[in-house]
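# Structural overview for review
Here are the chains, one letter per residue:
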Amino acid sequence: MINHVVSVINQKGGVGKTTSTINLGCAFAQLGQKTLIIDLDPQGNASTGVGVENNDRENSIYKLLTERNNSQYYVKQTKIQNLDIICANVELSGFETEVAEDKNRAFILKEIMNEIREKNQYNQILIDCPPSLSLLTVMSLVASNSVIVPLQTEFFALEGLTQLLKTINRIKLSLNKILEVEGIILTMFDKRNKLCSQVEAEARKFFGEQVYNTVIPRNIRISEAPSHGLPVLVYDKYCAGSIAYEKLAVEILEKQKKFNFAA
Ligand SMILES: Nc1ncnc2c1ncn2[C@@H]1O[C@H](COP(=O)(O)OP(=O)(O)O)[C@@H](O)[C@H]1O
Ligand SMILES: [Mg+2]
């Protein structure tokens with residue numbers, strides 16, 4: 001097992017972090033990769049999106065971060081073979097203030113991740129980050145090998161990306177030397193909208209190879225799937241959104257091999 005840990009991150013909300021985490025997680029699982037999703041957003045959308053009800057999230061990431069027990073009690077199997085999750089609920093929103101005095105707070109998730117890595121059960125571990133650059137996100141960056149950034153193809157998309165990349169670089173220099181930007185996903189692409197193509201062209205110009213070739217289209221089935229507690233790949237296997245996420249998952253795995261991200 002390679003135990004490759006990826007933060008899915010962007011400080012903007014609504015850009016496709018959770019959607020990408022759920023559906024890449026599902027696609028990896030279907031490709032035979034043992035995959036764990038860690039829901040690190042107090043909103044718990046990733047947990048909902050793979051079908052774990054709110055009243056079934058007693059053993060949440062919040063408890064794991066607080067009690068620092070054996071992670072196995074917190075991992076839940078999903079309906080999808082090879083796909084597990086550690087859930088989040090609203091309790092997580094209090095975590096940052098609770099550990100404000102703890103000097104080693106940036107390393108809390110990393111220690112948990114080390115224990116998960118030692119168990120050697122997963123190929124891919126995806127962390128769904130909250131929409132901020134707060135402590136939870138810093139903890140995720142410190143605990144990860146690399147970062148995948150979903151970027152919504154809209155007018156202000158590239159604004160904020162520079163700041164995000166600076167933050168990632170700062171963490172790399174100070175707290176986690178191995179951290180790399182693995183790739184940028186263009187999401188919610190509408191081919192009838194000229195602006196989307198302009199944003200794509202600009203992103204490719206500035207960030208070159210970092211931007212994945214596969215683009216995720218705006219697709220209604222993608223937005224319907226979470227209310228059924230299913231990844232779109234299960235909800236509607238043949239829709240444009242599912243096909244795109246499957247293709248992207250293959251591209252990501254190939255790039256991981258090529259650049260040794262998952263060494
Ligand atoms: N490709 C897409 N096509 C249509 N709707 C999408 C797509 N990607 C995400 N959405 C919808 O947009 C909203 C925000 O996406 P989400 O993944 O929750 O963003 P984030 O986690 O970055 O806040 C959700 O309602 C989601 O269903
Ligand atoms: Mg989200």
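That block above? That's the structure.
What counts and how
- Residues numbered from 1 in each chain as written.
- Chains lettered and ligands numbered in written order.
- Predicted model: local features only at pLDDT ≥ 70, side-chain atom pairs only at ≥ 80, totals over all residues.
- Heavy atoms only, no water.
- Core = buried A, V, L, I, M, F, W, Y, C linked by side-chain atoms within 4.5 Å.
- Buried < 20%, exposed > 50% of the residue type's maximum accessible area, 1.4 Å probe, protein only.
- Helix = DSSP H or I, 4+ residues; strand = E, 2+ residues; numbered from the N terminus.
- Contact = heavy atoms within 4.5 Å.
- Near = heavy atom within 4 Å.
- Polar contact = N/O pair within 3.5 Å; in protein donor to acceptor, adjacent residues only side chain to side chain.
- Areas by Shrake-Rupley, 256 points an atom, 1.4 Å probe, with all protein chains shown as cover.
- 1 Å grid on protein atoms, 1.4 Å probe; cavity = no way out; pocket = protein on both sides within 12 Å on 5 of 7 lines; lining within 4 Å.
- Sits in = over half its atoms within 2 Å of the grid points.
- Pairing = 2+ DSSP bridges.
- Axes fitted to C-alpha atoms, helices over the stretch in contact; angles between N-to-C directions.

Let us now look at the nonpolar core. Counting residues in each nonpolar core, the largest one holds 52 residues, and the members touching the most others are Ile38, Ile61, Leu65, Phe95, Leu109, Met113 and Ile116. Per element, the largest residue contribution to this core is seven residues, and it comes from helix α6 (residues 135-143). For Ile116, the contacting residues outside a window of four places in its chain are Asn3, Leu36, Ile38, Ser71, Ile86, Tyr122 and Ile125. Counting 31 residues, the second-largest nonpolar core is a separate cluster that includes Ala29, Val50, Ile85 and Ala225.

By the secondary structure assignment, Phe155 is in the loop between β6 (146-152) and α7 (161-174). Taking the relative accessible area as the measure of exposure, Phe155 reaches 58% and is therefore exposed. Sequence spacing of Phe155 and Ile222 is 67 residues, and the spatial spacing of their C-alpha atoms is 21 Å. Not counting residues within four places of it along the chain, the set of residues in contact with Phe155 comprises Leu195 and Val199.

This paragraph deals with the site of ligand 1. Close to ligand 1 lie 14 residues; Gly14, Lys17, Thr18, Thr19 and Pro217 are nearest. Between ligand 1 and Gly16, the relevant distance is 3.1 Å, taken from an oxygen atom to a main-chain nitrogen or oxygen of the residue. Contact with the protein chains hides 79% of the accessible area of ligand 1, taken as 560 Å² for the molecule alone. One can see that ligand 1 is located within the largest pocket. In terms of residues, the shell around ligand 1 owes the most to one element, helix α1 (residues 17-30), which gives three residues.

Turning to the sheet that holds strand β1 (residues 4-8), a few remarks are in order. If you trace the seven strands from one edge of the open sheet to the other, you get β3-β4-β2-β5-β1-β6-β7, paired in mixed fashion. One side of each edge strand has no neighbouring strand; the edge strands of this open sheet are β3 (75-77) and β7 (180-187). Each neighbouring strand pair of the sheet contributes to a mean axis angle of 25°, computed without reference to strand direction. Of the pairings in the sheet, the one linking β1 to β6 comprises three bridges and is parallel in character. Along β6, the bridge assignment pairs Val8 with Ile148.

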